[in-house]
Amino acid sequence: MLEKTYRHHETEARQYAAWEKAGAFACGRRPGARPFTIVIPPPNVTGSLHMGHALNSTLQDILVRWQRMRGRDVLWQPGTDHAGIATQMVVERQLGDEGSTRRDLGRERFIERVWAWKEESGGTISRQLRRLGASPDWSRERFTMDDGLSAAVRKVFVDLYKAGLIYRDKRLVNWDCKLHTAISDLEVEQRSVKGKMWYFKYPLEGSENKYITVATVRPETMLADTAVAVHPDDGRYASLVGKHCIQPSTGRRLIIVADAYANPEVGSGAVKITPAHDFNDFEVARRHGLELINVFDRDARLNDNAPEPYRGLDRYEARRRIVAEMEERGLLESIEEMEHTVPYGDRSGVAVEPWLTDQWFVDAAKLAGPAIAAVEEGRTRFVPEQWANTYFEWMRNIQPWCVSRQIWWGHQIPAWYGPDGHVFVEPTEDEARAAAEAHYGAPAGLERDPDVLDTWFSSALWPFSTLGWPEKTAELERYYPTDVLVTGFDIIFFWVARMMMMGLHFMGEAPFHTVYIHPLVRDEAGQKMSKSKGNILDPLEVIDTHGGDALRFTLTAMAAQGRDVKLSERRIEGYRNFITKLWNAARFCEMNGCKPVAGFDPKRATGTLNRWIVGEVARTGRRIDEALEAYRFNEAANGIYQFVWGTFCDWYLEFSKPVLGGPDGAAKDEVRATAAWTLDQILLLLHPIAPFVTEELWGRLADDRQTRLIEAPWPTYTAGHIHEASSNEMNWVVRLISEIRSVRAELNVPPAARVTLHHQGLSRKHRTWLEGDGKRRLGNAAQIKTLARIERIATVDGEPPAGSARFVIDEESFILPLAGVIDVALEAQRLARQVDKLDGELARIDSKLGDENFTARAPEHVVEAQHSRRAEAEAARAKLAAALEHISGNAAAGA
């Protein structure tokens with residue numbers, strides 16, 4: 001017998017252990033089946049589960065459980081990313097606590113220390129994903145620095161280099177002055193800071209006391225200026241184009257160029273060009289052939305390219321002194337307080353410096369061409385499709401990809417330098433030495449490049465490197481290309497695009513046919529979750545309190561395409577109640593003898609009620625399939641929710657109670673068998689979303705199951721499951737009871753009050769549904785009386801009694817005489833006042849939303865909240881207006 005209360009703490013760990021022990025997640029168990037493959041976006045090995053992970057993993061798990069039950073040979077490929085900078089920082093902090101540094105250990109011993117940390121602490125997130133119920137093939141778990149993946153990385157680098165698609169160049173990169181490495185754009189966070197805009201006068205060459213004024217927020221970079229740019233259409237400066245001005249601190253001649261980058265509306269309209277310390281200026285320099293002068297060292301201190309008085313100064317001290325010098329010389333025209341954006345390293349917390357340095361680059365533009373075509377031609381599609389525009393925008397404006405990092409933890413670049421600096425790029429040191437000997441004619445000393453590769457380089461190979469490439473493995477042949485990638489919009493460029501480029505180049509096929517971009521998880525007010533705001537919901541705490549199924553169901557039900565998830569504890573509690581509702585329904589069925597019956601065919605049911613629920617199961621199953629096919633996860637969740645809570649629990653089981661409580665016989669047997677079959681279908685359809693409770697009930701409600709639920713076949717339904725006449729009849733009965741209940745609630749009819757139901761103009765068919773045919777066919781009057789608290793049902797001709805409420809279903813009138821039960825006139829006045837109040841609120845909201853100042857300046861979540869409140873108020877008004885209409889015209893007579 002099922003316990004009175006569902007205990008998720010006991011169930012979830014036990015069920016997960018049973019699945020793993022049985023090998024239920026393993027691929028390759030159905031060699032004749034069509035494969036279905038998803039690769040998990042590898043979380044950082046340093047990471048812990050957050051709500052973004054929970055949403056992403058839940059949606060993937062729904063797809064793989066669904067496809068597994070549909071008979072596909074499913075591979076959900078798990079693994080973790082070595083997370084170069086993040087992992088190195090974790091271990092460096094440990095060393096710092098011990099009073100040591102990585103340089104004290106040396107590279108080899110430091111890397112050994114990182115591997116030791118990884119073995120001890122690197123599996124945290126994998127264990128946490130198990131708590132969520134994720135079902136990847138853990139036996140195939142990979143790590144981006146394991147031997148196989150490392151071999152793939154070396155081969156890709158060497159092949160791209162020899163194809164001319166990887167090269168070494170001096171270009172601007174995001175330089176982290178604390179970590180002493182280049183970092184990717186994704187590792188840069190833009191912070192809004194209060195600063196100053198300084199306006200400086202640069203003397204015009206050959207013109208005494210004539211100047212051109214430039215504006216800058218970074219005076220320290222003035223020492224690297226090589227030009228001044230003005231807009232080609234800016235008449236103020238047209239006569240100066242091609243002439244020179246003088247940079248005061250260095251005495252350098254700066255050519256004045258016309259370039260559309262200069263914005264006449266910003267600052268003075270003339271912008272100093274510092275190609276070695278600004279990405280936009282670098283592009284201007286390329287267009288005009290300008291010199292690049294680097295004045296910073298790796299610590300962002302002024303180097304020997306700066307005038308002697310500034311050498312060795314920190315950039316901010318240099319800023320202070322340069323401003324003082326310009327002011328002393330009378331060349332500081334003005335200072336303007338302003339707020340502007342400054343890039344910071346997300347790991348180091350220091351301002352990032354655009355820095356000119358030698359790095360390794362991938363010719364991303366050449367690799368992007370086939371990746372763009374794959375999406376344009378529909379071989380890979382984005383869901384929702386608007387994200388394809390983001391992909392195209394990035395890919396069509398792609399820049400060389402800097403893939404080198406100046407850290408120790410990661411894939412060391414397979415490049416060795418000879419005595420004269422000649423580079424040899426080979427998979428191994430032995431091959432590099434052989435190449436050097438062939439080049440020099442004799443053995444030569446080689447020094448390996450100390451840099452490692454960007455973490456995204458190895459991640460870009462994930463869909464095929466995890467399957468054994470470059471070896472021609474059976475897994476690679478069977479499971480590549482994968483089917484769908486589930487990921488967030490923020491890494492479309494950093495990961496999705498690069499997987500597309502690498503997959504097409506090395507495998508000849510796009511790595512996936514669909515890219516599903518899931519929404520962001522925000523707090524209930526629509527704001528980003530962050531520690532500083534104190535609005536984070538920890539998924540592990542939620543699982544402890546409410547269970548993994550409740551969290552999964554909540555995230556799924558709210559994962560509407562194109563709309564962020566606004567998560568709250570209250571919503572999670574609501575879906576936990578749904579899990580409880582299911583448990584209680586199963587317990588009710590068990591207590592009433594509803595057990596699966598061998599050989600039961602639901603299509604052969606004879607009772608109207610049973611035929612109806614069988615048809616509703618079929619319709620629900622089809623809706624779930626259609627929703628999951630279209631990646632409309634919220635529609636799948638809401639479809640099963642409405643069926644379980646509403647159709648099955650609130651209607652079918654309530655309608656069944658008189659039969660189940662009555663004498664034994666064929667009618668009771670059929671209800672029991674149908675209820676048990678329906679409950680089984682619920683467990684099957686719900687399993688991908690809520691796997692723990694469904695697996696528990698599947699095993700507990702029958703003793704002779706042939707398989708675990710996770711391995712049970714997905715249900716299919718035919719037209720034979722739907723009996724239209726029974727569906728029409730029961731849906732009419734449900735609508736009638738629902739309308740009666742609605743009127744009673746709207747008009748504050750006391751719950752215990754039993755009232756009369758009158759009807760007018762009822763068709764013969766509906767009269768039969770209500771009263772029966774006087775022969776073998778029973779009507780539904782008894783059920784309606786019980787569930788709607790009706791004393792009697794009667795026909796009425798002419799005008800209804802005074803003080804009645806009227807409603808219409810299918811153009812047929814129903815009347816509830818309420819005089820003496822409630823004060824009808826008073827209720828009419830109350831409803832009218834509430835309608836007026838809501839009209840006022842709607843007018844105020846419309847005024848706000850119609851105010852361009854409000855919509856332009858208010859935060860997005862505030863505007864969104866106004867739209868949400870408007871929808872709520874409008875729905876409430878419609879409900880009240882309908883209630884008012886029910887008693888309109890009868891209130892006065894009732895009074």
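These notes cover the structure that comes with them. Everything numeric in this text was worked out from a predicted model, so none of it was measured. (Residues numbered from 1 in each chain as written. Predicted model: local features only at pLDDT ≥ 70, side-chain atom pairs only at ≥ 80, totals over all residues. Heavy atoms only, no water.)

## Description of the sheet that holds strand E6 (residues 181-183)
1) Next: Spatial strand order, E6-E5-E14-E16: 4 strands in an open sheet with antiparallel pairing. Since the sheet does not close on itself, it has two edges, and those belong to E6 and strand E16 (401-402), each with one partner.
2) Next: Bridge count between strand E14 (residues 353-362) and E16: 2 bridges; the pairing is antiparallel. By the bridge assignment, Val362 is partnered in E16 with Trp401. (Pairing = 2+ DSSP bridges. Helix = DSSP H or I, 4+ residues; strand = E, 2+ residues; numbered from the N terminus.)

## Some points on the side chain of Gln77
1) Next: You can see Gln77 is positioned in strand E2 (residues 73-77).
2) Next: The exposure class of Gln77 is buried, given its relative accessible area of 0%.
3) Next: Among the polar contacts listed, one links the side chain of Gln77 to the backbone oxygen of Arg140, at a separation of 2.7 Å.
4) Next: If near-sequence neighbours (up to four positions away) are discounted, Gln77 is found in contact with Ile38, Val39, Ile40, Arg140, Glu141, Arg142 and Thr466. (Buried < 20%, exposed > 50% of the residue type's maximum accessible area, 1.4 Å probe, protein only. Polar contact = N/O pair within 3.5 Å; in protein donor to acceptor, adjacent residues only side chain to side chain. Contact = heavy atoms within 4.5 Å.)

## Some details on the packing of aromatic side chains
1) Next: In total, this model carries 39 aromatic pairs according to the counting rule given.
2) Next: Aromatic rings pair up to connect Phe157, Tyr161, Trp360, Trp401 and Phe457 into one cluster. (Phe/Tyr/Trp six-rings, centres within 6.5 Å; stacked < 30°, edge-to-face > 60°.)

## Here's the deal with the sheet that holds strand E8 (residues 211-216)
1) Next: Spatial ordering of the open sheet is given by E8-E7-E13, a layout of 3 strands whose pairing is antiparallel. The open sheet has two edge strands with one neighbour each: E8 and strand E13 (332-345). Neighbour to neighbour, the strand axes of the sheet diverge by 20° on average, direction disregarded.
2) Next: For strand E7 (residues 188-203) and E13, the ladder comprises 13 bridges, and the chain directions are antiparallel. Counted as the bridge partner of Trp198 is Ile335 from E13.
3) Next: Across the sheet, helix H9 (residues 315-328) is in contact with E7 and E13; its angle to E7 comes to roughly 25°. (Axes fitted to C-alpha atoms, helices over the stretch in contact; angles between N-to-C directions.)

## Remarks on the nonpolar core
Buried together is how nonpolar side chains tend to be arranged in soluble globular proteins.
1) Next: Trp360, Tyr391, Phe457, Met502, Leu567, Phe648 and Phe655 are the most contacted members of the largest nonpolar core, which has 203 residues in total.
2) Next: No other element matches helix H21 (residues 633-660), which puts 13 residues into this core.
3) Next: Ignoring any residue separated from it by four or fewer positions in sequence, one finds Leu567 in contact with Met51, Val521, Arg522, Asp523, Glu524, Met529, Leu537, Thr554, Leu555, Met558 and Ile572.
4) Next: In this structure, Ala182, Tyr310, Val323 and Met326 belong to the second largest nonpolar core, which totals 38 residues. (Core = buried A, V, L, I, M, F, W, Y, C linked by side-chain atoms within 4.5 Å.)

## Here's the deal with the environment of Gly195
1) Next: Inspection of the secondary structure puts Gly195 in strand E7.
2) Next: The sequence separation of Gly195 and Ala557 amounts to 362 residues, and the corresponding C-alpha distance is 44 Å.
3) Next: Among all residues touching Gly195, those that are not within four sequence positions of it are Glu336, Glu337, Met338 and His340.

## Structural notes on the pattern of salt bridges
Side chains bearing opposite charge may pair, as long as their charged atoms lie close to each other.
1) Next: A full pass over the atoms with the stated rule returns 53 salt bridges.
2) Next: Glu377 is paired through a salt bridge with Arg379; the nearest N and O atoms lie 2.9 Å apart.
3) Next: Residue Arg619 pairs with Glu616 through a salt bridge whose shortest N-O separation is 3.3 Å. One end of the pair is Arg619 and the other is Glu616, both in helix H20 (residues 608-629) and 3 residues apart, which spans about a single turn.
4) Next: Connected through shared salt-bridge partners, Arg218, Glu220, Arg315, Arg319 and Glu353 make up one network. (Salt bridge = Lys/Arg side-chain N within 4 Å of Asp/Glu carboxyl O.)

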